[in-house]
Amino acid sequence: MDYWKNLFSTGYVNTQGHLDVSPSQSSAIVSILSAGTFFGALGSPVLADNIGRRLALVVSSFVFILGVIFQTAATSLPLFLAGRFFAGFGVGLISALIPLYQSETAPKWIRGAIVGAYQFAITIGLLLAAIVDYATKDRQDTGSYRIPIAVQFLWAIILIGGMLFLPETPRFLIRKGNHDKAARALSRLRRIAPEHPAILAELAEIRANHEYELSIGKSSYIDCFRGPMLKRQLTGMGLQALQQLTGINFIFYYGTQYFKNSGIENPFTIQMITSCINVGSTIPGLWAVDKFGRRPLLFWGAVGMCVSQFLVAMLGTLTTGQDASGNILVYNVAAQKAGIAFICIYIFFFASTWGPLAWVVTGEIYPLKTRAKSLSMTTATNWLLNWAIAYSTPYLVDYGDGYANLQSKIFFIWFAACFLCISFVYFLIYETKGWSLEEVDELYSECKSARESSSWTPKATFAQMQNAAHQGEKEGKVSHHDEHVEA
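Residues numbered from 1 in each chain as written. Predicted model: local features only at pLDDT ≥ 70, side-chain atom pairs only at ≥ 80, totals over all residues. Heavy atoms only, no water.

A tally of regular secondary structure across the protein gives 20 helices and two strands. For the protein, the spread of C-alpha atoms along the principal axes amounts to about 100 × 50 × 40 Å. Buried positions account for 48% of the 487 residues belonging to the protein. When the accessible surface of the protein is split by element, carbon and sulfur atoms take 66% of a total near 22100 Å². Taking the average place of the 37 positive charges on the side chains of the protein and the average place of its 33 negative ones, the gap between the two points comes to 3 Å. (Helix = DSSP H or I, 4+ residues; strand = E, 2+ residues; numbered from the N terminus. Buried < 20%, exposed > 50% of the residue type's maximum accessible area, 1.4 Å probe, protein only. Areas by Shrake-Rupley, 256 points an atom, 1.4 Å probe, with all protein chains shown as cover. Lys, Arg positive; Asp, Glu negative; His and termini not counted. Charge placed at Lys NZ, Arg CZ, Asp CG, Glu CD.)

What follows is the structure, encoded as structure tokens:
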């Protein structure tokens, strides 16, 4: 995008003798978006718990649109940076609110596929972004950057329009005491009458669970780390952190060199290969999540990623070298092509398991009382690690003074992280397939080991326990009255 570099340059000249933004300016452009996403995710409960999940998504979309307007109108760095921050803030809000809305509205038997579709939409977005960028990069006018940025208006408008027709989540309405509205909202979502026994039973369970949570007090951010909630909170944050540490963003952002080593020079071809695999591989994951469950998919996905990353690391380390200037020397092109094959296999395992399931699991393991706050912190963890990896990777990989020059050895780091993922799933991920959000809450209360969660079944619903408690109170009052009459 040479036109953009010339227009936004403040006088810095790159090594090819062309005007460009300086490395520090480039770092600011990248990091300010990440800062926006981080703080946006943390701020999402302010909207979600006060104006509702539905309106919060509408407001968040307008924040994103503001950022897009600033970037589209910009002809210099200050306004462009402001736009990047507001766009990032909007993305951070939306990325925490969408899984929250999906989890609270989806039927339990397809909740995994619905929440996982969020990741599927992300993969499609990456593919379309690559196509639009490639189509406009050689334009010698403001369209080279304004067109790909302005295209984002469309998706924000679609989201706003869709939310105007969708109902608020029944769980938020129950939380606010609007039981009639909750019944109507659930009726619209399930497409059956509000008086249907299934609607009444689901609402009774949501209401009983909420009343139980109210009986033990209100929640704050500190409460997300107290008592039994600590395990759940750390599980969600760890899951989102490990999703980033598997190395997926390194491959998409910095993997070009490994394709070039095998003879594929065109960066657009590389992007199309990785993006198409990413999109296509997410589809079987959406089918499998509600058929086989969360634990087996995450476990075997981590095993597949671990093996793939190890083989890529070995093939790259043993069959490449460097000259005195730091240029890559390829000793075995066939081995490099094998490495590319394993990178593609790795993307398949990630896209069909850890990509969508990190959002699925974090969207369903928290109780209603802390759900918005807990999800905001897990999403913020994802964005924080996203930034940390993007910022540190050049220092780990590149050649020169002050750089680690790991080259292909960096895949050993991703291998180690994937190995950690295997243990993480085995010891900490509970099987939640087929259970309502209220039953998942009961699962964590009764089942102390994730390894035993697959065989767990609920002993009683919250509604049944509440009815039993009320019945016990009535019997106690009658007994007390009888004793008083006898006296």
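From this point, things continue past the structure.
Let's shift gears to the environment of E364. When you line up the elements, E364 lands in helix α16 (residues 333–364). You can call E364 buried: its relative accessible area is 0%. E364 sits 262 residues away from Q102 along the chain, and the two C-alpha atoms are 9.8 Å apart. E364 has contacts with S103, R111, R294, T432, L437 and V440, leaving out every residue within four places of it along the chain. Here R111 takes part through its side chain, which lies 2.7 Å from a polar atom of the side chain of E364. (Contact = heavy atoms within 4.5 Å. Polar contact = N/O pair within 3.5 Å; in protein donor to acceptor, adjacent residues only side chain to side chain.)

Okay, the side chain of S374 next. Considering the arrangement of structural elements, one finds S374 in helix α17 (residues 371–397). Judged by relative accessible area, which is 0%, S374 ranks as buried. Those residues in contact with S374 that sit more than four places away from it in its chain are C224, M229, Q233 and Y366.

Following the criterion strictly, the structure yields 24 aromatic pairs and no others. For the ring pair F85 and F89, a centre distance of 6.1 Å and an interplane angle of 35 degrees mean the geometry is tilted. Taken as a pair, F85 and F89 lie in helix α4 (residues 77–105) at a separation of four residues, close to a single helical turn. Here the aromatic residues W4, F8, F80 and Y145 are joined through ring pairs into a cluster of three or more. The residue whose ring lies beneath K291 is F292, and the NZ or CZ to ring-centre distance is 5.9 Å. (Phe/Tyr/Trp six-rings, centres within 6.5 Å; stacked < 30°, edge-to-face > 60°. Lys NZ or Arg CZ within 6 Å of the ring centre and 35° of its normal.)

The next subject is the packing of helix α6 (residues 143–150) against helix α7 (residues 152–165). Between α6 and α7, the shortest axis-to-axis distance is 4 Å and the interhelical angle comes to 15 degrees. Considered as vectors, α6 and α7 are oriented roughly parallel to each other. Within the contact between the two elements, α6 uses P148, I149 and A150 and α7 uses Q152, F153 and L154. Among the residues forming the contact of α6 with α7, the class breakdown is five nonpolar, one polar and no charged. (Axes fitted to C-alpha atoms, helices over the stretch in contact; angles between N-to-C directions. Parallel < 35°, antiparallel > 145°, perpendicular 65-115°, else oblique. Nonpolar A, V, L, I, M, F, W, Y, C, P; charged D, E, K, R; others polar.)

With that settled, consider the side chain of Q407. Relative to the assigned elements, Q407 resides in the loop between α17 and α18 (410–428). Q407 sits in the buried class, given a relative accessible area of 17%. In this structure the side chain of Q407 is engaged in a polar contact, spanning 2.8 Å, whose partner is the backbone oxygen of V397. For Q407, the side chain forms a polar contact with the side chain of N405, separated by 3.0 Å.

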